[in-house]
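Fold and contact review
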Amino acid sequence: MRVILAQPRGFCAGVVRAIDIVERALEKYQAPIYVRHEIVHNRHVVDNLKAKGAIFVEELSEVPDGAHTVFSAHGVSKSVVNAAAARRLPVLDATCPLVSKVHAQAKRYVRHGRAMILIGHAGHPEVEGTIGQIETPVYLISTEAEVAALDIPSDAPLAYVTQTTLSVDDTKAVIVALKARFSNIVGPDTSDICYATQHRQSAVREMCKMVEVILVVGAKNSSNSNRLCEIGLEEGIPSYLIADASALDPNWLKGKDIVGLTAGASAPEELIQEVIEALRGLGPVTVEPMDGVKEDIEFRLPAELRA
């Protein structure tokens, strides 16, 4: 069996920064450190941090007074920020800098008198955090049909931003539909789209030309991991999302000689290596890394953790 290994795959710079924040906070302030929501959408990462002394909660009300608190990589609403400040909780913000950039763009558009449209998935914590950053109503859409259904005058001053786990390809048709329907709409340049999302999706599209089946390592609640699997299916390649090697079904590989392997942006490399070992348990395996983008971006940690 040939295993084609996607490049890039797995952790992005925002995920690395978020995990580093929790780990360094544990080193500096000692356990427990409270984290609001999963720091990233991966059970293995969360369980590893729990073992080191992190306590994950969904609401700030679950955090004791005075406890060091980390906001997840997905970002939070203003109400959460204000509630933490009102309680004088010492907060470390692990929001991905690219998500923070979306927040800043959205607030700038609103200050200029534009109504805000957010392209994203309802219920995703990043979307909830972005909506909660804006004091005026936000129109949340994800499809061209929803663009047509918007009850907004065609000449109204509008702006749009997108969820960072959507790529240029994911949002292209919706943005085209918005610009076709509304004459006074602005949005960020495509270069502002999350580089990691685009790179991982482009790698899977390229991989589809080479393989007979695709395995995507990632969590079921990970938006970007699900999308990688969907792209494989769209390209006509049987594709399966697995949390780890234990979820691998040998029946998927029957009659398949070339397997593509990738991972969502919140999946650690060790899970990829465990899947490779599981494949070796089925027979001889050669691993061939793809040529692809080499990511060297790093995001700075909060000042209090840099020493």
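Heads up: the structure comes first, above all this text.
What comes next concerns the included structure. (Residues numbered from 1 in each chain as written. Predicted model: local features only at pLDDT ≥ 70, side-chain atom pairs only at ≥ 80, totals over all residues. Heavy atoms only, no water.)

1. Re helix H9 (residues 223–234)
Because each turn of an α-helix spans 3.6 residues, side chains separated by three or four positions end up pointing in the same direction. Its twelve residues place the ends of H9 16 Å apart at the C-alpha level, agreeing with the 16 Å of an ideal helix rising 1.5 Å per residue. Positioned one or two residues after H9, glycine 236 has a phi angle of 85°, which is positive. (Helix = DSSP H or I, 4+ residues; strand = E, 2+ residues; numbered from the N terminus. Expected span 1.5 Å × (residues − 1).)

2. Some details on the packing of helix H1 (residues 13–29) against helix H2 (residues 43–52)
Following both chains from N to C, one finds H1 and H2 inclined at 10°, their axes separated by 10 Å at the closest point. Taken together, the axes of H1 and H2 lie roughly parallel to each other. Each of Ile19, Val22, Glu23 and Leu26 in H1 lies in contact with H2, whose residues at this interface are Val45, Asn48, Leu49 and Lys52. Residues belonging to the contact of H1 with H2 are distributed by class as follows: five nonpolar, one polar and two charged. (Axes fitted to C-alpha atoms, helices over the stretch in contact; angles between N-to-C directions. Parallel < 35°, antiparallel > 145°, perpendicular 65-115°, else oblique. Contact = heavy atoms within 4.5 Å. Nonpolar A, V, L, I, M, F, W, Y, C, P; charged D, E, K, R; others polar.)

3. Details of the packing of aromatic side chains
As enumerated under the stated definition, the model contains one aromatic pair in all. For the pair tyrosine 240 and tryptophan 252, a centre-to-centre distance of 4.0 Å together with 5° between the ring planes defines the contact as stacked. Taken together, the residues tyrosine 240 in strand E11 (residues 239–242) and tryptophan 252 in the loop between E11 and strand E12 (258–263) connect sequence positions twelve residues apart. Given the relative accessible area of 25%, tyrosine 240 is considered partly exposed. Between arginine 108 and the ring centre of tyrosine 109, over which it is positioned, the NZ or CZ distance is 5.7 Å. (Phe/Tyr/Trp six-rings, centres within 6.5 Å; stacked < 30°, edge-to-face > 60°. Buried < 20%, exposed > 50% of the residue type's maximum accessible area, 1.4 Å probe, protein only. Lys NZ or Arg CZ within 6 Å of the ring centre and 35° of its normal.)

4. Quick notes on the sheet that holds E11
Spatially, the five strands line up as an open sheet ordered E11-E10-E12-E1-E13, and their pairing is parallel. Two strands bound the open sheet, and with one partner strand each, they are E11 and strand E13 (286–289). Strand-to-strand twist of the sheet, defined as the mean angle between neighbouring strand axes without regard to direction, takes the value 25°. When strand E1 (residues 2–5) meets E13, the two strands line up parallel, connected through four bridges. Pairing of arginine 2 across the sheet is with threonine 286, part of E13. Taken strand by strand, H9 contacts strand E10 (213–217), E11 and E12, and its axis lies near 165° from that of E11. (Pairing = 2+ DSSP bridges.)

5. Let's talk about the environment of alanine 263
Turning to its location among the elements, alanine 263 is positioned in strand E12. When its relative accessible area of 0% is taken as the criterion, alanine 263 is described as buried. Sequence spacing of alanine 263 and asparagine 184 is 79 residues, and the spatial spacing of their C-alpha atoms is 39 Å. For alanine 263, the residues in contact, after removing those within four places along its chain, are Arg9, Gly10, Arg200, Val217, Leu228 and Ile272.

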